[in-house]
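# Remarks on the overall topology
Listed below are the residues making up each chain.
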Amino acid sequence: MGNKVTWFEVAGKDGDKLREFYGKSFGWQFNQPPGMNYGMVDPSDAGIGGGIAGDSEDGGHLTFYVEVDDVQAALDKVEGLGGKKVMGPDQVPGGPEIAMFTDPEGHMVGLVKPQPM
């Protein structure tokens with residue numbers, strides 16, 4: 001069995017506007033942590049968990065995260081196959097370990113190692 005997609009992310013300049021758009025378009029409700037321009041959508045609304053962010057430094061992106069057992073090993077593998085590391089591995093405060101890379105055509109993809117339960 002392959003690795004599963006467990007999270008998606010939409011980032012742009014105006015997170016509030018993007019959350020309003022996706023919320024009204026698809027009936028999604030967002031949980032926005034205090035002090036963050038990031039709204040998380042419940043997996044029961046969207047099929048998988050996801051987040052919509054504002055103030056993107058890279059001009060915005062749409063990506064998905066693939067669950068892996070070892071983030072660094074996965075980054076090494078994709079780099080060996082022509083991908084390019086963008087960031088990480090980094091530990092999200094109170095959350096999972098993540099990293100980002102681009103595929104050989106420049107599409108952004110995330111890696112995530114879930115926290116132990």
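Note that the coordinates shown come from a computational prediction; the quantities given were computed from them, not determined experimentally.

Procedures and definitions
- Residues numbered from 1 in each chain as written.
- Predicted model: local features only at pLDDT ≥ 70, side-chain atom pairs only at ≥ 80, totals over all residues.
- Heavy atoms only, no water.
- Core = buried A, V, L, I, M, F, W, Y, C linked by side-chain atoms within 4.5 Å.
- Buried < 20%, exposed > 50% of the residue type's maximum accessible area, 1.4 Å probe, protein only.
- Helix = DSSP H or I, 4+ residues; strand = E, 2+ residues; numbered from the N terminus.
- Contact = heavy atoms within 4.5 Å.
- Salt bridge = Lys/Arg side-chain N within 4 Å of Asp/Glu carboxyl O.
- Patch = residues over 30% accessible without salt bridge, like charges linked within 9 Å, V, L, I, M, F, W, Y side chains within 5 Å.
- Areas by Shrake-Rupley, 256 points an atom, 1.4 Å probe, with all protein chains shown as cover.
- Lys, Arg positive; Asp, Glu negative; His and termini not counted.
- Charge placed at Lys NZ, Arg CZ, Asp CG, Glu CD.
- pLDDT = per-residue confidence, 0-100.
- Pairing = 2+ DSSP bridges.

What follows concerns the nonpolar core. By size, the foremost hydrophobic cluster in this structure holds ten residues: V66, V68, V71, A74, L75, V78, A99, F101, V109 and L111. Of all the secondary structure elements, the ones that give two or more residues to this core are α3 (71-80), β7 (97-102) and β8 (108-113). A total of four residues in this core trace back to one element, the largest contributor, which is α3. In contact with V68, other than residues within four places in its own chain, are N3, A74, L111, V112, K113 and P114. Listed in part, the six residues of the second largest apolar core include V10, Y22, W28 and V41.

Counted by the stated rule, this structure contains two salt bridges. Taking the shortest distance from any N to any O, the salt bridge between D16 and R19 comes out at 2.8 Å. Of the two residues, D16 and R19 are both situated in helix α1 (residues 15-26); the distance of three residues between them amounts to about one turn of the helix. The exposure class assigned to R19 is buried, which follows from its relative accessible area of 5%. The residue K24 makes a salt bridge to E20 at a minimum N-O spacing of 2.9 Å. With K24 and E20 both in helix α1 and four residues apart, this pair spans about one turn of that helix. With a relative accessible area of 66%, K24 lands in the exposed category. With relative accessibility at 44%, the residue E20 sits in the partly exposed group.

Side chains of D14, D55, E57 and D58 sit close together on the surface and give a patch of like negative charge. With respect to the secondary-structure elements, D14 resides in the loop between β1 (5-11) and α1.

On to the environment of P93, then. Examined against the element boundaries, P93 turns out to sit in the loop between β6 (84-91) and β7. C-alpha of P93 to C-alpha of K13: the two residues are 80 residues apart in sequence and 23 Å apart in space.

Model confidence for the chain is summarised by a mean pLDDT of 89, while 98% of its residues fall at 70 or above. When mean pLDDT is compared element by element in the chain, α3 scores highest at 95, while helix α2 (residues 43-46) scores lowest at 85.

Inspection of the secondary structure assignment puts G106 in the loop between β7 and β8. C-alpha separation for the pair G106 and K84, spaced 22 residues apart in sequence, amounts to 8.4 Å.

Pairing within the open sheet is mixed, and its eight strands lie in the order β2-β3-β4-β1-β5-β8-β7-β6. Sheet topology places β2 (30-31) and β6 at the edges, where each strand pairs with a single neighbour. Where β6 meets β7, five bridges bridge the pair, whose relative direction is antiparallel. In the strand pairing of β7, M87 is matched with M100.

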